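What follows is each chain in one-letter form.
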Amino acid sequence: MSVRVSDFGKTSQGKTVRLFTLTNSGGLRARVITYGATLVGLDVPDRHGKAGDVTLGFDDLPGWMGNRSYFGATIGRFGNRIARGRFTLDGKIYTLAANDGANHLHGGTLGFDKVIWDAEPIAAANAVKFIYFSRDGEEGYPGNLAVSVTYTLTDANELRLDYEAASDAPTVVNLTHHTYWNLADAGRSSILDHKLMLSADYYLPVGADLIPTGQLAPVLGTAMDFTTPQTIGSRIALAKGGYDHNWVLRGAGSEIRPAARLEDPASGRVMDVFTTEPGMQFYSGNFLNDTIRGKSGTIYARHHGLCLEAQHYPDSPNQPTFPPVVLRGGETYRQTTIHHFSTR
(Lines give C-alpha, C1' and ligand atoms only; values in the text may rest on other atoms or scores of the structure.)
Protein backbone atom coordinates (compact mmCIF):
# COMPACT_ATOMS: atom_id res chain seq x y z
CA MET A 1 0.00 0.00 0.00
CA SER A 2 1.18 3.52 -0.67
CA VAL A 3 0.10 7.19 -0.67
CA ARG A 4 1.73 9.51 -3.18
CA VAL A 5 1.25 13.30 -3.25
CA SER A 6 1.72 15.54 -6.29
CA ASP A 7 0.50 18.84 -7.74
CA PHE A 8 -2.58 18.71 -9.98
CA GLY A 9 -2.49 22.32 -11.15
CA LYS A 10 -3.44 25.81 -10.03
CA THR A 11 -6.76 27.60 -9.98
CA SER A 12 -7.25 30.91 -11.76
CA GLN A 13 -6.62 32.53 -8.36
CA GLY A 14 -3.23 30.81 -8.17
CA LYS A 15 -4.17 28.25 -5.51
CA THR A 16 -2.45 24.88 -5.82
CA VAL A 17 -4.63 21.78 -6.05
CA ARG A 18 -2.99 18.58 -4.79
CA LEU A 19 -3.48 15.04 -6.02
CA PHE A 20 -3.30 12.03 -3.69
CA THR A 21 -2.77 8.62 -5.27
CA LEU A 22 -3.63 5.58 -3.15
CA THR A 23 -2.50 2.13 -4.31
CA ASN A 24 -3.21 -1.25 -2.75
CA SER A 25 -1.85 -4.77 -3.19
CA GLY A 26 -4.86 -5.90 -5.22
CA GLY A 27 -4.17 -3.68 -8.21
CA LEU A 28 -6.56 -0.86 -7.27
CA ARG A 29 -5.48 2.76 -7.59
CA ALA A 30 -7.55 5.71 -6.37
CA ARG A 31 -6.78 9.33 -7.27
CA VAL A 32 -8.33 12.12 -5.18
CA ILE A 33 -7.80 15.90 -5.39
CA THR A 34 -8.25 18.72 -2.90
CA TYR A 35 -10.65 20.55 -5.25
CA GLY A 36 -14.03 19.34 -4.05
CA ALA A 37 -12.41 16.38 -2.21
CA THR A 38 -13.05 14.75 -5.58
CA LEU A 39 -12.32 11.20 -6.72
CA VAL A 40 -10.82 11.81 -10.17
CA GLY A 41 -10.07 8.19 -11.01
CA LEU A 42 -10.27 4.63 -9.73
CA ASP A 43 -8.49 1.80 -11.54
CA VAL A 44 -9.99 -1.64 -10.89
CA PRO A 45 -8.91 -4.97 -12.43
CA ASP A 46 -11.39 -6.89 -14.61
CA ARG A 47 -11.87 -10.68 -14.52
CA HIS A 48 -8.65 -11.09 -16.53
CA GLY A 49 -6.64 -8.92 -14.16
CA LYS A 50 -6.47 -5.92 -16.50
CA ALA A 51 -6.95 -2.68 -14.56
CA GLY A 52 -9.09 0.11 -15.98
CA ASP A 53 -10.71 3.30 -14.75
CA VAL A 54 -14.36 2.85 -13.72
CA THR A 55 -15.28 6.52 -13.20
CA LEU A 56 -16.30 9.42 -15.44
CA GLY A 57 -14.49 12.74 -15.27
CA PHE A 58 -11.75 14.85 -16.81
CA ASP A 59 -8.04 14.75 -17.56
CA ASP A 60 -7.01 18.07 -16.02
CA LEU A 61 -7.93 20.67 -13.42
CA PRO A 62 -9.74 23.08 -15.82
CA GLY A 63 -12.06 20.22 -16.74
CA TRP A 64 -12.83 19.47 -13.12
CA MET A 65 -13.34 23.15 -12.29
CA GLY A 66 -15.87 23.40 -15.12
CA ASN A 67 -17.63 20.28 -13.81
CA ARG A 68 -21.35 21.01 -13.57
CA SER A 69 -22.43 17.39 -13.21
CA TYR A 70 -20.72 16.80 -9.84
CA PHE A 71 -18.50 14.03 -11.20
CA GLY A 72 -16.63 12.37 -8.32
CA ALA A 73 -17.30 15.16 -5.84
CA THR A 74 -18.00 15.34 -2.12
CA ILE A 75 -21.43 16.94 -1.77
CA GLY A 76 -22.58 19.24 1.04
CA ARG A 77 -23.86 20.79 3.15
CA PHE A 78 -26.93 19.03 1.88
CA GLY A 79 -26.83 16.42 -0.84
CA ASN A 80 -29.80 16.20 -3.20
CA ARG A 81 -32.73 18.64 -3.37
CA ILE A 82 -34.43 20.97 -0.92
CA ALA A 83 -37.80 22.17 -2.18
CA ARG A 84 -38.08 25.84 -3.09
CA GLY A 85 -34.62 26.43 -1.63
CA ARG A 86 -35.90 26.99 1.88
CA PHE A 87 -36.49 25.22 5.19
CA THR A 88 -37.56 26.08 8.72
CA LEU A 89 -35.39 25.22 11.73
CA ASP A 90 -36.39 26.08 15.30
CA GLY A 91 -39.02 28.47 13.96
CA LYS A 92 -36.70 30.40 11.65
CA ILE A 93 -36.90 30.26 7.86
CA TYR A 94 -33.60 29.83 6.00
CA THR A 95 -33.35 30.68 2.32
CA LEU A 96 -30.84 28.89 0.10
CA ALA A 97 -29.75 29.27 -3.51
CA ALA A 98 -32.28 28.03 -6.07
CA ASN A 99 -29.80 26.39 -8.44
CA ASP A 100 -32.05 23.63 -9.81
CA GLY A 101 -35.09 25.41 -11.15
CA ALA A 102 -36.97 26.59 -8.07
CA ASN A 103 -35.14 24.13 -5.84
CA HIS A 104 -31.80 23.91 -4.04
CA LEU A 105 -29.44 21.14 -5.19
CA HIS A 106 -26.24 19.64 -3.74
CA GLY A 107 -25.29 22.50 -1.44
CA GLY A 108 -25.96 25.41 -3.76
CA THR A 109 -24.02 27.63 -6.11
CA LEU A 110 -20.73 27.16 -4.24
CA GLY A 111 -21.17 23.82 -2.53
CA PHE A 112 -18.47 21.61 -1.03
CA ASP A 113 -17.75 20.27 -4.53
CA LYS A 114 -16.38 23.67 -5.63
CA VAL A 115 -14.02 24.57 -2.77
CA ILE A 116 -10.43 23.59 -2.01
CA TRP A 117 -10.16 21.34 1.03
CA ASP A 118 -7.16 20.99 3.33
CA ALA A 119 -5.71 17.48 3.26
CA GLU A 120 -3.65 15.21 5.48
CA PRO A 121 -2.19 11.96 4.10
CA ILE A 122 -2.35 9.03 6.52
CA ALA A 123 0.30 6.71 5.13
CA ALA A 124 -0.09 3.99 7.76
CA ALA A 125 -3.77 3.57 6.83
CA ASN A 126 -3.33 4.15 3.08
CA ALA A 127 -5.71 7.07 3.44
CA VAL A 128 -6.10 10.81 3.01
CA LYS A 129 -8.27 13.01 5.22
CA PHE A 130 -9.87 16.11 3.68
CA ILE A 131 -10.95 18.96 5.96
CA TYR A 132 -13.16 21.98 5.27
CA PHE A 133 -14.58 24.75 7.46
CA SER A 134 -17.93 26.04 6.23
CA ARG A 135 -18.73 29.39 7.80
CA ASP A 136 -22.06 30.45 9.24
CA GLY A 137 -24.28 31.74 6.43
CA GLU A 138 -22.36 30.01 3.62
CA GLU A 139 -24.90 29.29 0.87
CA GLY A 140 -27.58 30.32 3.38
CA TYR A 141 -26.94 27.56 5.93
CA PRO A 142 -26.74 28.41 9.65
CA GLY A 143 -23.83 27.56 11.92
CA ASN A 144 -20.07 27.22 11.50
CA LEU A 145 -19.54 23.65 10.33
CA ALA A 146 -16.25 21.75 10.59
CA VAL A 147 -16.39 18.81 8.20
CA SER A 148 -14.04 16.03 7.11
CA VAL A 149 -14.09 13.09 4.72
CA THR A 150 -11.43 10.38 4.80
CA TYR A 151 -10.75 8.21 1.74
CA THR A 152 -9.14 4.85 2.60
CA LEU A 153 -8.08 2.20 0.09
CA THR A 154 -7.74 -1.16 1.82
CA ASP A 155 -6.04 -4.39 0.82
CA ALA A 156 -9.51 -5.95 0.90
CA ASN A 157 -10.19 -3.95 -2.29
CA GLU A 158 -12.42 -1.47 -0.49
CA LEU A 159 -12.65 2.25 -1.09
CA ARG A 160 -13.95 3.50 2.25
CA LEU A 161 -15.37 6.99 2.87
CA ASP A 162 -15.75 8.19 6.46
CA TYR A 163 -17.46 11.54 7.03
CA GLU A 164 -17.63 13.64 10.20
CA ALA A 165 -19.10 17.08 10.90
CA ALA A 166 -19.72 19.30 13.91
CA SER A 167 -21.46 22.68 14.16
CA ASP A 168 -21.57 25.45 16.74
CA ALA A 169 -25.28 26.05 16.06
CA PRO A 170 -28.26 24.03 14.82
CA THR A 171 -28.02 23.29 11.10
CA VAL A 172 -28.90 20.59 8.57
CA VAL A 173 -26.31 18.19 7.14
CA ASN A 174 -26.51 15.48 4.48
CA LEU A 175 -23.11 14.58 3.01
CA THR A 176 -22.69 12.19 0.10
CA HIS A 177 -20.41 11.14 -2.75
CA HIS A 178 -21.21 11.71 -6.42
CA THR A 179 -18.98 9.54 -8.61
CA TYR A 180 -20.47 8.48 -11.94
CA TRP A 181 -19.67 4.77 -12.29
CA ASN A 182 -19.23 2.75 -15.46
CA LEU A 183 -17.61 -0.60 -14.61
CA ALA A 184 -17.09 -1.43 -18.29
CA ASP A 185 -15.05 1.42 -19.71
CA ALA A 186 -15.31 4.69 -17.73
CA GLY A 187 -18.11 6.12 -19.83
CA ARG A 188 -17.33 5.15 -23.41
CA SER A 189 -20.41 2.93 -23.52
CA SER A 190 -23.85 2.76 -21.90
CA ILE A 191 -24.53 1.43 -18.39
CA LEU A 192 -27.87 -0.03 -19.50
CA ASP A 193 -26.36 -3.55 -19.62
CA HIS A 194 -25.06 -3.27 -16.05
CA LYS A 195 -26.96 -5.29 -13.45
CA LEU A 196 -28.10 -3.58 -10.26
CA MET A 197 -29.46 -4.84 -6.96
CA LEU A 198 -30.66 -2.53 -4.17
CA SER A 199 -31.40 -3.62 -0.58
CA ALA A 200 -34.67 -1.74 -0.54
CA ASP A 201 -38.33 -2.73 -0.50
CA TYR A 202 -39.57 0.87 -0.78
CA TYR A 203 -38.65 3.99 -2.72
CA LEU A 204 -39.67 7.65 -2.62
CA PRO A 205 -42.03 8.73 -5.44
CA VAL A 206 -41.27 12.22 -6.75
CA GLY A 207 -43.12 14.98 -8.54
CA ALA A 208 -42.17 16.57 -11.84
CA ASP A 209 -39.48 18.63 -10.06
CA LEU A 210 -37.93 15.45 -8.53
CA ILE A 211 -39.00 16.47 -5.00
CA PRO A 212 -40.34 13.52 -2.95
CA THR A 213 -44.08 13.52 -2.36
CA GLY A 214 -43.50 12.34 1.22
CA GLN A 215 -44.84 8.84 0.57
CA LEU A 216 -42.91 5.55 0.77
CA ALA A 217 -44.06 3.30 -2.04
CA PRO A 218 -43.41 -0.45 -2.36
CA VAL A 219 -41.15 -1.46 -5.23
CA LEU A 220 -42.86 -4.82 -5.76
CA GLY A 221 -44.32 -5.11 -9.24
CA THR A 222 -42.78 -1.86 -10.48
CA ALA A 223 -39.77 -0.75 -12.51
CA MET A 224 -38.25 0.31 -9.17
CA ASP A 225 -37.84 -3.28 -7.96
CA PHE A 226 -34.13 -4.08 -7.71
CA THR A 227 -34.49 -6.50 -4.80
CA THR A 228 -32.97 -9.07 -7.16
CA PRO A 229 -30.34 -8.24 -9.81
CA GLN A 230 -31.92 -6.50 -12.79
CA THR A 231 -30.38 -5.20 -15.99
CA ILE A 232 -30.76 -1.43 -15.72
CA GLY A 233 -32.03 -1.00 -19.28
CA SER A 234 -34.65 -3.75 -19.03
CA ARG A 235 -37.36 -1.54 -17.50
CA ILE A 236 -35.97 1.95 -17.73
CA ALA A 237 -38.66 2.99 -20.21
CA LEU A 238 -41.23 2.31 -17.51
CA ALA A 239 -39.39 4.78 -15.25
CA LYS A 240 -40.08 7.59 -17.73
CA GLY A 241 -36.75 6.92 -19.44
CA GLY A 242 -34.51 7.33 -16.42
CA TYR A 243 -34.00 6.74 -12.73
CA ASP A 244 -33.39 9.62 -10.33
CA HIS A 245 -34.99 8.41 -7.12
CA ASN A 246 -34.12 7.60 -3.53
CA TRP A 247 -34.55 4.05 -2.27
CA VAL A 248 -35.33 3.30 1.39
CA LEU A 249 -32.58 0.94 2.53
CA ARG A 250 -33.40 -1.98 4.78
CA GLY A 251 -32.27 -1.93 8.41
CA ALA A 252 -32.10 1.82 8.94
CA GLY A 253 -29.82 2.77 11.82
CA SER A 254 -26.20 3.55 12.52
CA GLU A 255 -24.81 0.12 11.62
CA ILE A 256 -23.09 -0.36 8.27
CA ARG A 257 -24.99 -2.81 6.07
CA PRO A 258 -25.38 -3.92 2.44
CA ALA A 259 -26.99 -1.29 0.21
CA ALA A 260 -26.30 -2.08 -3.45
CA ARG A 261 -24.53 -4.39 -5.88
CA LEU A 262 -23.52 -3.26 -9.36
CA GLU A 263 -22.12 -5.68 -11.95
CA ASP A 264 -20.83 -5.34 -15.48
CA PRO A 265 -21.22 -8.76 -17.13
CA ALA A 266 -18.76 -7.90 -19.93
CA SER A 267 -15.74 -7.09 -17.74
CA GLY A 268 -16.78 -9.17 -14.73
CA ARG A 269 -16.29 -6.22 -12.38
CA VAL A 270 -18.59 -6.12 -9.35
CA MET A 271 -19.04 -3.26 -6.90
CA ASP A 272 -20.82 -3.86 -3.58
CA VAL A 273 -21.83 -0.78 -1.59
CA PHE A 274 -22.27 -0.78 2.19
CA THR A 275 -23.42 2.22 4.20
CA THR A 276 -24.74 3.58 7.48
CA GLU A 277 -27.19 5.84 5.61
CA PRO A 278 -30.98 5.32 5.40
CA GLY A 279 -31.25 6.01 1.66
CA MET A 280 -29.61 5.39 -1.69
CA GLN A 281 -30.12 7.75 -4.61
CA PHE A 282 -29.80 5.85 -7.88
CA TYR A 283 -29.33 8.21 -10.83
CA SER A 284 -28.96 6.70 -14.30
CA GLY A 285 -27.19 9.62 -15.98
CA ASN A 286 -30.35 11.01 -17.57
CA PHE A 287 -28.97 14.51 -18.08
CA LEU A 288 -25.73 13.49 -19.81
CA ASN A 289 -26.37 14.71 -23.33
CA ASP A 290 -23.29 14.52 -25.59
CA THR A 291 -22.13 18.01 -24.55
CA ILE A 292 -19.45 16.94 -22.05
CA ARG A 293 -16.02 15.93 -23.33
CA GLY A 294 -14.35 13.90 -20.61
CA LYS A 295 -11.34 11.68 -20.10
CA SER A 296 -9.27 11.04 -23.25
CA GLY A 297 -11.80 13.04 -25.25
CA THR A 298 -14.70 10.73 -24.43
CA ILE A 299 -18.12 12.24 -25.13
CA TYR A 300 -20.49 11.34 -22.32
CA ALA A 301 -23.88 10.46 -23.72
CA ARG A 302 -27.12 9.75 -21.86
CA HIS A 303 -26.87 6.71 -19.56
CA HIS A 304 -23.09 6.40 -19.98
CA GLY A 305 -22.62 6.66 -16.23
CA LEU A 306 -24.65 6.12 -13.08
CA CYS A 307 -24.54 7.37 -9.49
CA LEU A 308 -25.21 5.48 -6.28
CA GLU A 309 -25.35 8.17 -3.58
CA ALA A 310 -25.68 6.92 0.00
CA GLN A 311 -27.47 9.67 1.90
CA HIS A 312 -30.50 10.83 3.85
CA TYR A 313 -33.66 11.39 1.88
CA PRO A 314 -34.07 14.41 -0.42
CA ASP A 315 -35.95 17.39 1.04
CA SER A 316 -35.67 15.95 4.55
CA PRO A 317 -35.64 19.41 6.22
CA ASN A 318 -39.19 19.93 4.91
CA GLN A 319 -40.46 16.38 5.46
CA PRO A 320 -41.11 15.71 9.18
CA THR A 321 -41.74 11.98 8.64
CA PHE A 322 -38.29 11.43 7.07
CA PRO A 323 -35.24 10.50 9.18
CA PRO A 324 -33.92 13.71 10.81
CA VAL A 325 -31.00 15.67 9.36
CA VAL A 326 -30.65 18.36 12.05
CA LEU A 327 -27.20 18.62 13.64
CA ARG A 328 -27.03 20.58 16.91
CA GLY A 329 -24.11 22.09 18.76
CA GLY A 330 -22.15 19.48 20.67
CA GLU A 331 -23.28 16.65 18.39
CA THR A 332 -21.15 14.90 15.76
CA TYR A 333 -22.47 13.82 12.37
CA ARG A 334 -20.95 10.57 11.13
CA GLN A 335 -21.44 8.65 7.92
CA THR A 336 -19.57 5.70 6.42
CA THR A 337 -19.88 4.27 2.92
CA ILE A 338 -17.73 1.43 1.55
CA HIS A 339 -17.29 0.39 -2.09
CA HIS A 340 -15.98 -3.17 -2.34
CA PHE A 341 -14.66 -4.41 -5.69
CA SER A 342 -14.43 -7.99 -6.95
CA THR A 343 -14.89 -9.97 -10.16
CA ARG A 344 -16.93 -12.91 -11.31
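So, here's what we can say about the structure.

## Here's the deal with the overall build of the chain
- Within the chain, the regular secondary structure consists of one helix and 29 strands.
- Here the C-alpha atoms of the chain give a radius of gyration of 19 Å, agreeing with the 20 Å that 2.2 N^0.38 yields for 344 residues.
- Based on the C-alpha atoms only, the size of the chain along its principal axes is roughly 60 × 50 × 40 Å.
- When the 344 residues of the chain are sorted by exposure, 58% land in the buried category.
- For the chain, long-range pairs separated by at least 24 residues make up 65% of all intrachain contacts whose partners lie at least 6 apart in sequence.
- Total accessible area computed for the chain in this model is approximately 13600 Å², and 51% of it derives from carbon and sulfur atoms.

## Quick notes on empty space enclosed by the protein
- Summed over all chains, the structure comprises two cavities of 30 Å³ or more.
- By volume, the largest cavity amounts to about 50 Å³.
- Around the largest cavity, the lining residues are Leu161, Tyr163, Thr176, His177, Leu308, Glu309, Ala310, Gln335, Thr337 and His339.
- Residue assignment for the lining of the largest cavity shows that the elements contributing at least two residues are strand 14 (158-167), strand 16 (176-177), strand 27 (307-311) and strand 29 (333-343).
- Classifying every residue of the lining of the largest cavity gives four nonpolar, five polar and one charged.
- Estimated volume of the second largest cavity: approximately 40 Å³.

## As for the nonpolar core
- Core analysis: the largest hydrophobic core is formed by 59 residues, its most contacted members being Phe130, Tyr151, Tyr243, Trp247 and Leu308.
- Sort the elements by how many residues they give to this core and strand 13 (residues 145-153) lands first, with five residues.
- Leave out the neighbours within four places in its chain, and tyrosine 243 touches Ala223, Met224, Phe226, Ile232, Arg235, Ile236, Phe282, Tyr283, Ser284 and Asn286.
- Ranked by size, the runner-up nonpolar core spans 17 residues in total, among them Phe58, Trp64, Leu288 and Tyr300.

## Some details on the pairing of strand 9 (residues 92-95)
- In this structure, strand 8 (residues 86-89) lies alongside strand 9, joined through four bridges in antiparallel fashion. Bridge assignment links leucine 89 to a residue of strand 9, and that residue is lysine 92.
- What sits between the antiparallel neighbours strand 8 and strand 9 is a turn of two residues, in which aspartate 90 has the positive phi angle 55 degrees.

## Observations regarding the packing of aromatic side chains
- Inspection of the entire model under this criterion finds 22 aromatic pairs.
- Through successive ring pairs, a cluster of aromatic residues spans Phe58, Trp64, Phe71, Tyr180, Tyr283, Phe287 and Tyr300.
- Geometry around phenylalanine 226 places arginine 235 over its ring, the cationic atom sitting 5.3 Å from the centre.

## Some details on the pattern of salt bridges
- For the structure shown, the criterion picks out 13 salt bridges.
- Residues aspartate 113 and lysine 114 are paired through a salt bridge, measuring 2.7 Å at the closest nitrogen-oxygen approach.
- The buried category is assigned to aspartate 113, whose relative accessible area is 5%.
- Among the residues examined, lysine 114 registers a relative accessible area of 25% and is labelled partly exposed.
- A salt bridge links arginine 344 to glutamate 263; the nearest nitrogen and oxygen atoms lie 3.7 Å apart. Within this pair, whereas arginine 344 is found in the segment after strand 29, its partner glutamate 263 is found in strand 22 (residues 257-263), the two being separated by 81 residues in sequence.
- Classification of arginine 344 as exposed rests on a relative accessible area of 56%.
- Among the ionic contacts, a cluster of salt bridges with common partners joins Arg29, Arg31, Asp43, Asp53 and Lys295.

## Notes on the layout of surface pockets
- The calculated volume of the largest pocket comes to roughly 460 Å³.
- Around the largest pocket sit 23 residues that line it, and Arg68, Ser69, Tyr70, Leu105 and Phe287 are the ones nearest its centre.
- Looking at the lining of the largest pocket residue by residue, the class counts come to seven nonpolar, 10 polar and six charged.

## A look at unusual backbone geometry
- The step from glycine 76 to arginine 77 runs through a cis peptide bond, and the omega angle for that step is 0 degrees.
- Despite not being glycine, tyrosine 70 has its phi angle at roughly 65 degrees, a positive value.
- Along the chain, the position of tyrosine 70 falls in the loop between helix 1 (61-65) and strand 6 (74-75).
- In this model, arginine 84 sits at a positive phi of 60 degrees, which is unusual for a non-glycine residue.
- With respect to the helices, strands and loops of the structure, arginine 84 is situated in the loop between strand 7 (81-82) and strand 8.
- Residue arginine 84 is classed as exposed on the basis of its relative accessible area, which comes to 57%.

Cut-off values and rules
Residues numbered from 1 in each chain as written. Predicted model: local features only at pLDDT ≥ 70, side-chain atom pairs only at ≥ 80, totals over all residues. Heavy atoms only, no water. Helix = DSSP H or I, 4+ residues; strand = E, 2+ residues; numbered from the N terminus. Rg over C-alpha atoms; globule rule 2.2 N^0.38 Å. Buried < 20%, exposed > 50% of the residue type's maximum accessible area, 1.4 Å probe, protein only. Contact = heavy atoms within 4.5 Å. Areas by Shrake-Rupley, 256 points an atom, 1.4 Å probe, with all protein chains shown as cover. 1 Å grid on protein atoms, 1.4 Å probe; cavity = no way out; pocket = protein on both sides within 12 Å on 5 of 7 lines; lining within 4 Å. Points joined across faces, edges and corners; volume = space filled by probe spheres on them. Nonpolar A, V, L, I, M, F, W, Y, C, P; charged D, E, K, R; others polar. Core = buried A, V, L, I, M, F, W, Y, C linked by side-chain atoms within 4.5 Å. Pairing = 2+ DSSP bridges. Phe/Tyr/Trp six-rings, centres within 6.5 Å; stacked < 30°, edge-to-face > 60°. Lys NZ or Arg CZ within 6 Å of the ring centre and 35° of its normal. Salt bridge = Lys/Arg side-chain N within 4 Å of Asp/Glu carboxyl O.

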